[in-house]
Amino acid sequence: MKTEIPAHVVNPVEPKTASLRGRHLLGIAELSPEEIGLILDTSDAMKEVGSRAIKKVPTLRGRTVVNLFFEPSTRTRTSFEIAEKRLSADTLSVAAAGSSVAKGETLADTARNLEAMSPDIIVLRHSASGACHLLAHICRSRIVNAGDGMHEHPTQALLDAFTIRERKGHIAGLKIAIVGDLLHSRVLRSNLILLQKLGAEVWVSAPATLMPPGIDRFGVRATTRIDEAVEGADVVMMLRIQQERMTGHFFPSTREYFTLFGMTEERLRRAAADVIIMHPGPMNRGVEIASEVADGPYSVILDQVANGVAVRMAVLYLLAGGMADEAAH
Amino acid sequence: MKLLIKGGRVVDPAAGVNGVRDVLIEDGRIVRVEASIEANGASVVDVPRDWIVCPGLIDMHVHLREPGQEHKETVATGVAAAAAGGFTSVACMPNTDPINDQASVTELILRRAAEANLARVYPIGAVSRGSLGEQLADIGELHAAGCVAISDDGRPVATALLMRRALEYAGMFDMPVIDHCEDPTLKGGGVAHEGHHGSALGLRGIPAAAEEIMVERDITLAGLTGGAFHVAHMSVRGSLRAVRDGKARGIRVTCEVAPHHFTLTDEALSGYNTNAKMNPPLREAADRDAMIQGLADGSIDAIATDHAPHHYDEKEVEFDQAPFGIVGLETAVSLVFDRLVHRGHIGLPRMVELLSTNPAKILKLPGGTLAEGGPADVTLLAPDLPVIVSASRFKSKSRNTPFDGWTLRGGVGATIVGGRVAYVNADAPGSTNLIRDDDTYERGR
């Protein structure tokens, strides 16, 4: 039976000059400012799809997307799944606990076996930095990095940038302070590359023990005095204390951490009057951020989550690129 | 049986020779090194004019993996790789399975080496039983069985007290203690040099200080005991500073550097190449440059490969999970020529010192010079030979090298062990004129 596709659900956007067709998304480091702009512009259109009564377009119909998650994730996995379903892709999610990984299979072999079933896109979350590079080396499928170890989490940075742009209208020239466990954070690495590519003035602050070695060469202003980073900031992004990645002596106690680096209403008064507070989640309330701040008027934390779906739709759509043209007709 | 090596430039710094000479060999020994020697019935090795004839190269730091990890390498494949790399002797580390902490393991390795009959093998025994860092291994027995040094390589000598006792005890047998210098608490779960590149890749760092601290500890203990301490695979400038200082104070300390540490930096990690993962890790440019400086000015004693074969599927994993180490025997000579000699950092006599004279001195091995009456271990080098590294053609069982596909200038011509041609590089122009009537040698490629 032939199905008529109503005009309004056909491709919501047309790619402009930059293109991601046929590429992987391994990290922000590999994207040009134009490509980032393309993703953010496309996300605008995708966000519109999410506001419709029928939140679905046929763009990736007949395409298979595998979400391969080797680390527990609620937000990111759900966000990708919703994005895929809204694009009409056939999706399945594989959690490490339920796969052959538990039987000792290597990541390379898992990838080869998945590859044998010809998925179009593999979305990978893994605890090892560089796991997506390994997959991209082995697979013909397009790889989307949904967070690899302490390396990158590109779709998080893209949705953060989208949220900032939505609120502030632009990113260039903003003072953006990123505070928290910088050492173990892939969100930090993706964000500081992206925000600097778009012209923001990035400040980072953490205890000396959680400062990545060589941070000065990333082009950011690094300080252990949080108030200095927050002073006049247009955006304050709090990062989670990643207790699961902590292997040593980084700080004496979460109580002392909160005293020195926790974001409180009082501390936030130093920021710009229209500051926005961001957090990639999951939050440790009372450790890196006070509940009053997380739930307060400056918080855009739930907007970030909402925007994640639109940004991931845009990424999947753009990577599928040429393939999508046929699928839509 | 007599062999006459004719026409090359002999470089033998121990004998003060650097010029065109002929070398006459009889019954596995050097008979004479003179300007012109008549063949007189000897088989003639006709060496191209621009080749170097030098005392057989000695790699004082390799892993042959046998017993226990024969899927990575065996003694037989390891010595074939050595001969193809120009090495007439290798000293193999004790981190086999079981650990070479008793005479029976040493004897097994030597038996396998005798069967293979290509390069000489000098086992290095463990410092401690099982290399567990608790109790001294039977060092006297290891020495009697043929070990030339002791080391817990792969791991540092665990405590200052154990290192002290090892230096004192090994001193009775005139053996050096070789230490893999690394403070385990500072290393932690580190997999890459701690610095900007490692941070950008999200890889846990191993700070330079982890090595430096242990080098300082061991130098201090060598001073206390009068024992001989040798730094394995030195990688950071702070360690070099400590070694220079120790030598200036008259302490018996020597050190080696691996070719990858004077060639590459941690930038080679981009893309998460697991064949650029080794321990100590590739360091930053200032360290790489310091290693070159130390090689040039004489403060570094030896070049050793830390040849560490791993099966390809062991390296095709997440970077964190990949084992440390790369193979080195078959690329060392070309890297030394290309990166050190042809770039003007060192001359040929210094190259031979680093690869032969000094390793022989440190380990008290026969060889390291073409002295009359000494073993006829000779390496022929082709300084301008264009070499394209091709891992698939390695004699080693493993192919884990970051240099695959590299074009380098300078290579091995032939390797003669005990007067017998163990390897001829068939790729080298002129190799066809080399001796052919000895059917025992392994023709290259």
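As shown above, the structure is provided for reference.
Residues numbered from 1 in each chain as written. Chains lettered and ligands numbered in written order. Predicted model: local features only at pLDDT ≥ 70, side-chain atom pairs only at ≥ 80, totals over all residues.

Looking at the overall build of chain A
Filter applied, for reference: Here a strand is any run of E in DSSP of at least two residues, a helix any run of H or I of at least four, and the numbering for each starts at the N terminus. In this description, any two residues whose backbone-derived C-beta atoms lie within 7 Å of each other are considered to be in contact.
Counting secondary structure elements, chain A contains 12 helices and 9 strands. Residue pairs in contact within chain A that sit at least 24 positions apart in sequence constitute 76% of those at least 6 positions apart.

Some words on the pairing of strand β7 (residues 52–55) of chain B
All names here are of chain B. For the record, the criterion: Note: two strands are recorded as paired if DSSP finds a minimum of 2 bridges between them.
Direction of pairing for strand β2 (residues 9–12) relative to β7: parallel, over a ladder of 2 bridges. Its bridge partner being in β7, R9 is matched across the sheet by I52. Direction of pairing for β7 relative to strand β18 (residues 378–388): antiparallel, over a ladder of 4 bridges. Each bridged residue has a counterpart across the sheet, and for C54 the counterpart in β18 is T379.

Side note on the environment of Y423(B)
Residue and element names in this part refer to chain B. Here is the rule we go by: We call a residue exposed when 12 or fewer other C-beta atoms sit within 10 Å of its C-beta, buried when the count reaches 20 or more, and partly exposed for counts in between; the C-beta positions come from the backbone.
Counting through the fold element by element, Y423 comes out in strand β20 (residues 420–424). By C-beta crowding, Y423 is classed as buried, having 30 other C-beta atoms within 10 Å. Between the alpha carbons of Y423 and A170 there is a distance of 35 Å; along the sequence they are 253 residues apart.

Considering the nonpolar core
Note the following rule: Note on terminology: a nonpolar core is any set of buried Ala, Val, Leu, Ile, Met, Phe, Trp, Tyr and Cys residues joined through C-beta atoms within 7 Å.
In this structure, V23(B), V53(B), V79(B), A83(B), A91(B), A119(B) and I150(B) are the most contacted members of the largest nonpolar core, which totals 129 residues. Within the second largest apolar cluster, 111 residues are counted, among which are I28(A), M46(A), L87(A) and L201(B).

Some points on the interface of chain B and chain A
Condition: When residue character is reported, Ala, Val, Leu, Ile, Met, Phe, Trp, Tyr, Cys and Pro are called nonpolar, Asp, Glu, Lys and Arg charged, and the others, Gly included, polar.
Counting from both sides, the interface comprises 19 residues of chain B and, opposite them, 21 residues of chain A. Of all the elements, helix α6 (residues 196–201) of chain B adds the most residues to the side of chain B that touches chain A, at 4 residues. Its residues assigned to classes, the side of chain B that touches chain A comprises 6 nonpolar, 9 polar and 4 charged.

Details of the packing of helix α4 (residues 160–171) of chain B against helix α7 (residues 208–225) of chain B
Relative orientation and spacing of two packed helices are given, respectively, by the angle between their axes and the distance between those axes. All names here are of chain B. Counted only if it meets this: Angles shown run from 0 to 180 degrees and are taken between the N-to-C directions of axes, each axis being a line fitted to C-alpha atoms and, for helices, limited to the stretch in contact. Put simply, angles under 35 degrees are roughly parallel, angles over 145 are roughly antiparallel, angles from 65 to 115 are roughly perpendicular, and the rest are oblique. For a crossing to be left-handed, the near helix must be turned anticlockwise from the far one by less than a right angle; the clockwise case is right-handed.
Look at α4 against α7: their axes get within 9 Å of each other, and the N-to-C directions meet at 45°. Judged by the angle between their axes, α4 and α7 are oblique. As for how α4 packs across α7, the hand of that crossing is right-handed. Counting all contacts with α4, which are made through A160, M163, R164, L167, E168 and G171, the residues of α7 involved are R217, D218, L221, A222, L224 and T225. Here the contact of α4 with α7 is built from residues that sort into 6 nonpolar, 2 polar and 4 charged.

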